[in-house]
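Examining the three-dimensional arrangement
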2 protein chains.
Amino acid sequence: MPTVTSIPIITATEAAALINDRDIIGFSGFTPAGAAKDIPTAIAARASEEHAQGRPFKIGVVTGASTGDSLDGELARANAMLFRTPYQSCKDLRVQINKGETCFYDMHLSMLPQAARYGFLGKVKYAVVEAASVSEEGEIVLTTSVGASNTFCNVADKILIELNEAHPAELQGLHDIYEPLDPPHRREIPLYSCSDRCGSPVLKVDPEKIIGIVKTNRPDEVGGFKDTDEVTKRIGENVAIFLAEEIKAGRIPKEFLPIQSGVGNIANAVLGALGENPNIPPFEMYSEVVQDSVIGLMRSGDVKFASATSLTVSPPVLKEVYEDLEFFKQRMVLRPQEISNHPEIVRRLGIISINTAIEADIWGNINSTHVMGNNLMNGIGGSGDFTRNAYISIFTCPSVAKGGAISTIVPMVAHLDHSEHSVQVLVTDQGVADLRGKDPAERAREIVDKCAHPEYRDQLHAYFDDVKDGHTPQTLRTAFAMHEAFMQKKDMRGVDWSSKYSK
Amino acid sequence: MPTVTSIPIITATEAAALINDRDIIGFSGFTPAGAAKDIPTAIAARASEEHAQGRPFKIGVVTGASTGDSLDGELARANAMLFRTPYQSCKDLRVQINKGETCFYDMHLSMLPQAARYGFLGKVKYAVVEAASVSEEGEIVLTTSVGASNTFCNVADKILIELNEAHPAELQGLHDIYEPLDPPHRREIPLYSCSDRCGSPVLKVDPEKIIGIVKTNRPDEVGGFKDTDEVTKRIGENVAIFLAEEIKAGRIPKEFLPIQSGVGNIANAVLGALGENPNIPPFEMYSEVVQDSVIGLMRSGDVKFASATSLTVSPPVLKEVYEDLEFFKQRMVLRPQEISNHPEIVRRLGIISINTAIEADIWGNINSTHVMGNNLMNGIGGSGDFTRNAYISIFTCPSVAKGGAISTIVPMVAHLDHSEHSVQVLVTDQGVADLRGKDPAERAREIVDKCAHPEYRDQLHAYFDDVKDGHTPQTLRTAFAMHEAFMQKKDMRGVDWSSKYSK
């Protein structure tokens, strides 16, 4: 599908000149993959100029999830964000958010598109979407992510396209664009396996709404991951051993179930371990993101198919994919995040969800977002979409951080994103805590004995072993004593429960 | 459908004699409606006899939700529970749970049936199910609830029926029994409106599994609710005004959306207010429980249809329903709790969920289960099933309790069941806090100014107004100071943040 030119070709600066102060813009991008690049950078430059003239200029920034530095970094450094939602992972933006300078709404990623349609985020005026090709009829082939681009184009008054020659037009066929109707007219999402398709390979928009095309040639700003180390390797192996035993016990079907896996080093280690474990059959993924490791697992036959909303791989791996595109188009589909993360599908397919925690408490509650209760790391992302509806929901984290000065297992999480009711298994480098069919006191013993670092086990037992007060024997007076010890002397070890905050 | 007698008619005592120590039993009952009565009472008596002989005798008790006193009360008082799940509201049982004497697993109610099928709860050996009739072919007409009875009969080795003559066999047609297949074979739940049916009016079981019928004639042990008072009335009116304004603003479709409403006095007041508000059209319900107030609203035409899993009405109202059964069978369906609470349907239909909180914090997190962080009240019930997938999720509570000594709005909830990400609107007698599109600091101001009692507003502002530390300006050192003030001097008022727990 060649890109036609009856739609005006404009520069990024010309595109940015169309934007007004306080406009809300929906940008493509789910991770740096497929994120708009030139236009947000030009908007940031425009904002700096306006600010230099003493004029206000800030825009509402709505995306699929995190993006690249040319979007979140540039706009943050230009102080050009009125608000930001639903997720970010940008260092400069994070600093502003944690200073209270930029409003950030942390949202479940599957709910962002419907919130935009329902009008809960205000009027989205422009969609700025990266494409591999666009036709005069308004048929857009997206690039390495779908995210919420379909919804932004649907709800926006006007659309600006970044036509990025770094991506081949032959990407057509990788995507499956389906957008549900809103209640009371919504029907089922007609997907019954990871590889089913129910939508269109192209995003169809009203061509009248496309007011300009900006041509560019820039790679996705995807960074690399650290190599698997001894700790992440043990976490991965523990997950694989647990799942293999569940298959053997008949609590997971012998044909296995689709895997959802978070993003990052632990996720890479888990997927690697699943691939290597001889008792785990080749599997399918129904997840948000296809990372580097998945590409290797497709080559080896360990991953049979992957459904996601973004292909977030490093430049050399993307080159490999593009050189063998037909092989990967048979094994991969990119869907809107509303579908990749849809609770209906997660529950129907019986997905095994594996997500990373910042910290977990002894009752099984999970902190996914805030360091020491105050400072946002990235956001909840899709972890809630998957966790809440999974066949089995698993959270992973290393048992300690900062060389042992932080125990990730604490009496009470300093911020709670996933409550005990939605967490079934906790895995660290130390072992596996199976929380199913256990009451809070039993969960506390299981988590401390199986998952906490040995150096912290006695201290954690001392917190709750003698408390006989209530179904959840929590002591509010000392629940955060380990966090406070870290904030005061940079070490969680050696908390003395009896003297701390004595009445 | 007459009940045939080739299945042995036995006494409750004979039924109880079949049960062994450590058996896991699935009992009918979702609220006291439709709960098994004679057999659990006989099992409790058996347990007491065994204990008197010095022999161990405890059973695993799995139900739909809460039950009546002849089940939870009798078994608790006989110390006959090995464990209890997924929900309870029994005073004697609650005391045991909060002493740590009885293991209780608090579960999302929609997940209980699949957890039983997946084997996550252990082997359910017996199903004990109340029925209005049973045929030789194994066709059972249930009574005032479905709950998880269909699943218990499906997974159990053997079934015992309590044939309760208090319920007419003409109930046939009130129920719609549909049980999904498990992954990887699960399909969509084919419901597209509250009144759709996709299953069978009778529960079909293998007749070989029915080993006995116990005949009885006992009413459901449903208590009454307190009358609406000035506080609950204002909460109800605030909800109705908010929803009417959302319709006017176009953020809720003008035909309105189905209502889910929790159980209790506030829920009664909310439903009453929705019925009375001229700007709210007649509506449908997709909820767990049909309470007394819904029956009146059906008579008045304000409620057009109600889908639920239990008909939990007081004895005089049940009499009224049974005397006009055809009228109500046209306006009501009882489904398995797996379907009444199914996330897929909740999201598809766009349900407006309205649930009651024990307390809320200034960031929008909700405590639904634990008083002062330790003591279980009832359980999370279905609130998470609905909240997490609602079109708009609303939580309600009075702004103060204990004559003003407790503020239900606190710096940090002492137990967290629903995180900020899944809570969109908070309503108290003071007003409505709309949390959509607000960051944590904005939510804190909105909640304190709109929902907190005036007597607590300055104190709550003092907690966070001057804190500039982080996206969520929480202070772990003092986050529970109001709770501790109540525990120490029975009053949350007058907390001095500066001196409290000084470093």
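Residues numbered from 1 in each chain as written. Chains lettered and ligands numbered in written order. Predicted model: local features only at pLDDT ≥ 70, side-chain atom pairs only at ≥ 80, totals over all residues. Heavy atoms only, no water.

1. What to know about helix α15 (residues 440-450) of chain A
Keep this limit in mind: Any residue under 20% of the maximum accessible area for its type is buried, any over 50% is exposed, and the rest in between are partly exposed; the area is computed with a 1.4 Å probe on protein chains only. Helix and strand definitions here come from DSSP, where helices need a minimum of 4 consecutive H or I residues and strands a minimum of 2 consecutive E residues; each element is numbered from the N-terminal end. Throughout, a residue-residue contact means that at least one pair of heavy atoms, one from each residue, lies within 4.5 Å.
Listing the buried residues of α15(A) in full gives A:P440, A:R443, A:A444, A:E446, A:I447 and A:V448. Residues of α15(A) that are buried sit in contact with β17 (359-361), β24 (409-410), β25 (425-427), β26 (432-434) and α16 (454-464) of chain A together with β4 (103-104) of chain B.

2. A look at the relation of the copies chain B and chain A
Using the following cut-off: All copies are superposed by least squares; the fitting set is the C-alpha atoms of residues with a pLDDT of at least 70 in both.
Rotating chain B by 180° and translating it 0.0 Å along the rotation axis places it on chain A, where the RMSD comes to 0.0 Å. Given the turn and translation reported, the copies of this chain are related as if by a two-fold rotation axis. Across chain B, the rotation axis passes nearest the C-alpha of B:E344, at a separation of 2.2 Å. Comparing interface residues between copies, 100% of those in chain B also lie at the interface in chain A; the contact surface is shared.

3. Let's talk about the pattern of salt bridges
What counts, and what does not: We define a salt bridge as a contact between a side-chain nitrogen of Lys or Arg and a carboxyl oxygen of Asp or Glu at a distance within 4 Å.
Tallied over the entire structure, the rule returns 70 salt bridges over all chains. With its nearest N and O atoms 3.1 Å apart, the salt bridge here joins A:E237 to A:K233. With A:E237 and A:K233 both in helix α7 (residues 230-248), this residue pair falls four residues apart, about one helical turn. The partner of B:R218 in a salt bridge is B:D38, with the nearest N and O atoms 2.5 Å apart. Pair noted here: B:R218 is in the loop between β9 (210-216) and α7 (230-248) and B:D38 is in helix α2 (residues 38-52), with a separation of 180 residues, a long-range link. The exposure class of B:R218 is partly exposed, given its relative accessible area of 25%. With a relative accessible area of 17%, B:D38 lands in the buried category. Salt bridges linked by common partners bring A:R117, A:E179, A:D182, A:R186 and A:E338 together as one network.

4. Quick notes on the side chain of B:S383
Residues and elements named next belong to chain B. The test is simple: Contacts described as polar in this section are N or O atom pairs within 3.5 Å, which, within protein, must combine one atom able to donate a hydrogen with one able to accept it, while residues neighboring in sequence count only if both atoms come from side chains.
One can find S383 in helix α14 (residues 383-387). Look at S383 and you get buried, because its relative accessible area is 8%. A polar contact is formed between the side chain of S383 and the backbone oxygen of I380, at a distance of 2.7 Å. Apart from residues no more than four positions distant in its own chain, S383 is found in contact with N355, S368 and H418.

5. A closer look at the sheet that holds β24(A)
All names here are of chain A. Keep this limit in mind: In this description, strands pair whenever DSSP reports at least two bridges between them.
The sheet built from three strands is open, its strands ordered β18-β17-β24 with mixed pairing. Of all the strands in the sheet, just β18 (366-367) and β24 have a single pairing partner and so form its edges. Alignment of β17 against β24, held across two bridges, turns out to be parallel. In the sheet register, D361 faces β24, and the bridge partner there is V410.

6. Observations regarding the interface of chain B and chain A
Chain B puts 81 residues into the contact, and the matching count from chain A is 81 residues. Where chain B touches chain A, the interface holds four salt bridges. A salt bridge links A:D385 to B:R388, with the nearest nitrogen and oxygen atoms 2.7 Å apart. Where chain B packs against chain A, one counts 40 residue pairs in polar contact (both at pLDDT 80 or more). Counting only elements with at least two residues in the side of chain B that touches chain A, the list comes to α4 (91-98), β4, α5 (112-118), α13 (343-349), β20 (375-376), α14, α15 (440-450) and α17 (481-489) of chain B.

7. Looking at α4(B)
An α-helix turns once per 3.6 residues; consequently, residues spaced three or four apart project the same way. Residues and elements named next belong to chain B. Buried within α4 we find L93, R94, Q96, I97 and N98. Of the surrounding elements, those touching the buried residues of α4 are α3 (69-77), β3 (81-85), β4 and β20. Note on α4: the residue one or two positions beyond its end, G100, has a positive phi of about 75°.

8. What about the domain arrangement of chain A?
Residue and element names in this part refer to chain A. Let me state the cut-off plainly: Here the bounds of each domain stem from an automatic or database domain assignment. By buried area we mean how much accessible surface two parts lose on assembly, using a 1.4 Å probe and totalling the loss over both. Here the term charged refers only to Asp, Glu, Lys and Arg, the term nonpolar to Ala, Val, Leu, Ile, Met, Phe, Trp, Tyr, Cys and Pro, and the term polar to all other amino acids, Gly among them.
Domain boundaries assigned for chain A yield domain 1 (12-216) and domain 2 (230-288 + 341-472). Each of domain 1 and domain 2 has a C-alpha centre, and the two are 32 Å apart. At the interface, 20 residues of domain 1 touch 24 residues of domain 2. Between domain 1 and domain 2, roughly 1,800 Å² of surface is buried when both sides are summed, and carbon and sulfur atoms account for 57% of that area. At the junction of domain 1 with domain 2, the criterion picks out zero salt bridges. At the surface where domain 1 touches domain 2, the tally comes to twelve residue pairs in polar contact (both at pLDDT 80 or more). The element best represented in the side of domain 1 that touches domain 2 is helix α4 (residues 91-98), accounting for three residues. When the residues that make up the side of domain 1 that touches domain 2 are grouped by side-chain class, the tally is ten nonpolar, seven polar and three charged.

9. As for the sheet that holds strand β18 (residues 366-367) of chain B
On the basis of which strands lie adjacent, the open sheet formed by three strands has the order β18-β17-β24 (chain B) and mixed pairing. Two strands in the sheet have a free side with no partner beyond their single neighbour: β18 and β24 (409-410) of chain B.

10. Quick word on unusual backbone geometry
Residue and element names in this part refer to chain A. Between T85 and P86 the backbone carries a cis peptide bond, its omega angle lying at 5°. Despite not being glycine, K490 has its phi angle at roughly 60°, a positive value. Along the chain, the position of K490 falls in the segment after α17 (481-489). Judged by its relative accessible area of 54%, K490 is exposed.

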